[in-house]
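Now for the letters of each chain:
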Amino acid sequence: MSMRERIQSSLGLLQPEHLEVLDESHMHSRGQETHYKAVVVSPHFAGLNAVKRHQKVYGTLGELMGQFHALALHTYTPEEWAAQGQAPDSPTCRGGSKHDLAG
């Protein structure tokens, strides 16, 4: 099972009404299966601010969080998703990671 599939499976515990997990590693210089984008629409986010929503996602992913470099999160309640309908595009990687500077 790929890392993307493992992330998607774990996020299923949030009972999402909409779930997209994209492998965006090709947009970065750190290798394969390193950078992901997740769009999660769940009633479990109702009444939670962005920080609490992200904490809920991190808690759901548990030990998987240490197995990749980055996760761009876009979390919505069903009502927010109905009004917005899509997550923003990810920015182009500009490099400059501390990892790239090690030498």
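Details of the structure are given in the entry above.
First, a word on what this report is: a plain description of the structure on this page. If you're wondering where the values come from, they're calculated on a predicted model, not measured in any experiment. (Residues numbered from 1 in each chain as written. Predicted model: local features only at pLDDT ≥ 70, side-chain atom pairs only at ≥ 80, totals over all residues. Heavy atoms only, no water.)

**Examining the overall build of the chain**
Stage number 1. The number of helices and strands found in the chain is four helices and three strands.
Stage number 2. Beginning at the N terminus, the succession of helices and strands in the chain can be written as α-β-β-α-β-α-α.
Stage number 3. Summing over all exposed atoms, the chain offers an accessible surface of approximately 6300 Å²; the carbon and sulfur share of this is 50%. (Helix = DSSP H or I, 4+ residues; strand = E, 2+ residues; numbered from the N terminus. Areas by Shrake-Rupley, 256 points an atom, 1.4 Å probe, with all protein chains shown as cover.)

**What to know about the pattern of salt bridges**
Stage number 1. Under the counting rule described, the total for this entry stands at two salt bridges.
Stage number 2. A salt bridge links glutamate 80 to arginine 53, with the nearest nitrogen and oxygen atoms 2.7 Å apart. Of this pair, glutamate 80 sits in helix H3 (residues 78-84) while arginine 53 sits in helix H2 (residues 50-61), and the two are 27 residues apart along the sequence.
Stage number 3. Residue glutamate 80 is classed as partly exposed on the basis of its relative accessible area of 33%.
Stage number 4. You can call arginine 53 buried: its relative accessible area is 8%. (Salt bridge = Lys/Arg side-chain N within 4 Å of Asp/Glu carboxyl O. Buried < 20%, exposed > 50% of the residue type's maximum accessible area, 1.4 Å probe, protein only.)

**Describing the nonpolar core**
Stage number 1. Judged by nonpolar contacts, the single largest core of 15 residues is most densely connected at Ile7, Leu11, Val57, Leu61, Phe68 and Leu71.
Stage number 2. Mapped onto this core, the elements with two or more residues apiece are helix H1 (3-11), strand S2 (35-41), H2 and strand S3 (70-76).
Stage number 3. Counting residues in each nonpolar core, the second largest holds five residues, with Val41, Tyr76, Trp81 and Ala87 among its members. (Core = buried A, V, L, I, M, F, W, Y, C linked by side-chain atoms within 4.5 Å.)

**Regarding the packing of aromatic side chains**
To describe a pair of aromatic rings, one takes the distance between the centres and the angle between the planes.
Stage number 1. If you walk through the whole model with that rule in mind, you get two aromatic pairs.
Stage number 2. Centroid distance tyrosine 36 to phenylalanine 68: 5.6 Å. Interplanar angle 75°. Geometry classified as edge-to-face. Remark: phenylalanine 68 occurs in the loop between H2 and S3 and tyrosine 36 occurs in strand S2; sequence separation between them is 32 residues. Neither tyrosine 36 nor phenylalanine 68 differs from the other in exposure class; each is buried.
Stage number 3. Centroid distance tyrosine 76 to tryptophan 81: 5.3 Å. Interplanar angle 50°. Geometry classified as tilted. (Phe/Tyr/Trp six-rings, centres within 6.5 Å; stacked < 30°, edge-to-face > 60°.)

Read these as layout, nothing more, since geometry by itself doesn't imply function.
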